[in-house]
Each structure stands twice: as structure tokens, then as C-alpha cells.
Amino acid sequence: MIYRIGLTGGISTGKSTVSQYLDRVHGLPILDADIYAREAVDRNSPILTTIAQRYGEGILLPDRCLQRQKLGEIVFSDPEERKWLEAQIHPYVRDRFVTELATLNATIAVLVIPLLFEADMTNFVNSIWVVSCSPEQQLQRLCDRDGISPEQARSRIDSQIPLTEKIAAANVVLDNSSTVEHLLSQVDAALNHQ
């Protein structure tokens with residue numbers, strides 16, 4: 001049985017930095033929910049067809065791919081619509097994890113699941129690692145990364161379970177409010193205690 005580390009945190013707290021390090025330096029297999037969620041809404045996928053039926057053809061680009069920004073505007077401003085969308089995508093993501101885990105020849109795997117708590121997947125992992133930073137840093141990083149306004153960033157942050165609740169349920173908390181070196185030294189220490 002593969003030991004599964006569930007890597008999560010808030011949006012823009014540093015999950016990618018940690019997962020890339022675990023891959024590059026420690027050689028651990030990384031399974032990423034965001035990649036599977038993008039696959040779920042690939043052009044001509046059944047899930048994308050269902051989304052277009054709900055929100056209209058305007059949700060699609062001319063090449064029939066999903067217009068992510070438009071969908072984001074809908075679901076980040078309406079909790080019920082976000083729940084509906086997640087109900088379409090989460091089962092696909094879970095199935096992809098199961099399929100990929102079955103192919104691995106490893107003792108430890110890292111499952112990067114930004115919505116670990118929201119998708120009720122905590123029972124799917126053996127250890128929960130939460131990457132955290134201050135609320136001010138999170139807001140600024142998200143604005144910088146996505147080129148969005150503080151208001152838009154705030155609505156995305158607020159769409160997730162509060163970081164404080166994730167921290168309270170974590171087995172390991174990785175504090176990303178200082179330097180990258182400080183963050184990665186915590187990753188090494190946590191891995192040594194697995």
C-alpha cells in the first residue's frame with residue numbers, strides 16, 4: 001500500500017513550490033488534482049458538455065474549449081453554482097487518483113489536492129500537509145499570480161474553507177511566510193518524520 005501525503009493549503013500559499021521540490025529533490029511521484037480537473041473539462045469531454053448545457057454556449061471559446069475566466073466569474077460569485085460544478089468534477093478527479101495510484105511502484109506518493117477538505121477527500125490520504133502563509137501574503141500572491149483585483153482574489157479565497165480550519169486538521173503545517181529556503185527545510189524535516 002502506497003503511503004499517501006495529501007498536500008493542500010489555501011489558494012496561492014505555495015503548494016506548487018512544495019510539490020515541485022518533493023518531485024525534483026526527493027523523487028516522489030506527484031499526482032495533481034488540478035491537472036485531473038483540467039482533463040475533466042477538456043474539449044468535447046462529457047463534463048464540459050454538461051457545463052455548456054447548464055451555462056450556455058457562451059461558456060465555450062470558438063475552438064470549443066472552456067472559457068475558464070467566464071466560468072470562474074460564475075462559480076466564484078455563487079456558492080450553489082460552485083457546488084454544482086464541483087459535484088461534476090470531483091468524482092472524475094477521485095477516479096483518476098485511484099487509476100494513477102494503481103500504476104505506481106512507490107512507497108510514498110504526494111497527492112496535491114487544493115480542495116482536499118472541500119471535496120471530502122481527507123479519508124483518501126494517510127497524512128495531511130497544509131501549506132500556509134499570512135492572509136495578507138496570500139491575497140497579494142494571488143493578485144500577482146493571476147493578475148486580478150483584490151476583490152476578485154478575496155472572493156476566490158473566501159470560496160475555500162478558511163486556512164485556519166485546514167491548519168487545525170493538518171498532520172504537518174508548512175509555514176510559507178518567510179523564505180523559500182525556510183519552507184523547503186520544513187519539507188525535508190516533515191519527510192524525515194514520515
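Residues numbered from 1 in each chain as written. Predicted model: local features only at pLDDT ≥ 70, side-chain atom pairs only at ≥ 80, totals over all residues. Heavy atoms only, no water.

## A look at the overall build of the chain
Then step 1. Within the chain, the regular secondary structure consists of 9 helices and 5 strands.
Then step 2. Beginning at the N terminus, the succession of helices and strands in the chain can be written as β-α-β-α-α-α-α-β-β-α-α-α-β-α.
Then step 3. Computed over its C-alpha atoms, the radius of gyration of the chain comes to 17 Å, within 12% of the 16 Å expected for a compact globule of 194 residues.
Then step 4. Dimensions of the chain, computed from C-alpha atoms along their principal axes, come out at roughly 50 × 40 × 25 Å.
Then step 5. Relative to its 194 residues, the chain shows a buried fraction of 45%.
Then step 6. As displayed, the chain has an accessible area near 10100 Å², and 50% of this comes from carbon and sulfur atoms.
Then step 7. Placing the 18 positive and 25 negative side-chain charges of the chain at their respective mean positions leaves the two points 3 Å apart. (Helix = DSSP H or I, 4+ residues; strand = E, 2+ residues; numbered from the N terminus. Rg over C-alpha atoms; globule rule 2.2 N^0.38 Å. Buried < 20%, exposed > 50% of the residue type's maximum accessible area, 1.4 Å probe, protein only. Areas by Shrake-Rupley, 256 points an atom, 1.4 Å probe, with all protein chains shown as cover. Lys, Arg positive; Asp, Glu negative; His and termini not counted. Charge placed at Lys NZ, Arg CZ, Asp CG, Glu CD.)

## Brief notes about unusual backbone geometry
Then step 1. Not every positive phi belongs to a glycine, and Arg 64 is a case in point at roughly 75 degrees.
Then step 2. Overall, Arg 64 belongs to the partly exposed group, its relative accessible area being 39%.

## A closer look at the packing of aromatic side chains
Then step 1. Inspection of every chain in the model, using the stated rule, returns 3 aromatic pairs.
Then step 2. One aromatic cluster is present, built from ring pairs that chain together Tyr 36, Phe 97 and Phe 124.
Then step 3. One Lys or Arg, Arg 4, reaches over the ring of Phe 124 and ends 4.7 Å from the middle of that ring. (Phe/Tyr/Trp six-rings, centres within 6.5 Å; stacked < 30°, edge-to-face > 60°. Lys NZ or Arg CZ within 6 Å of the ring centre and 35° of its normal.)

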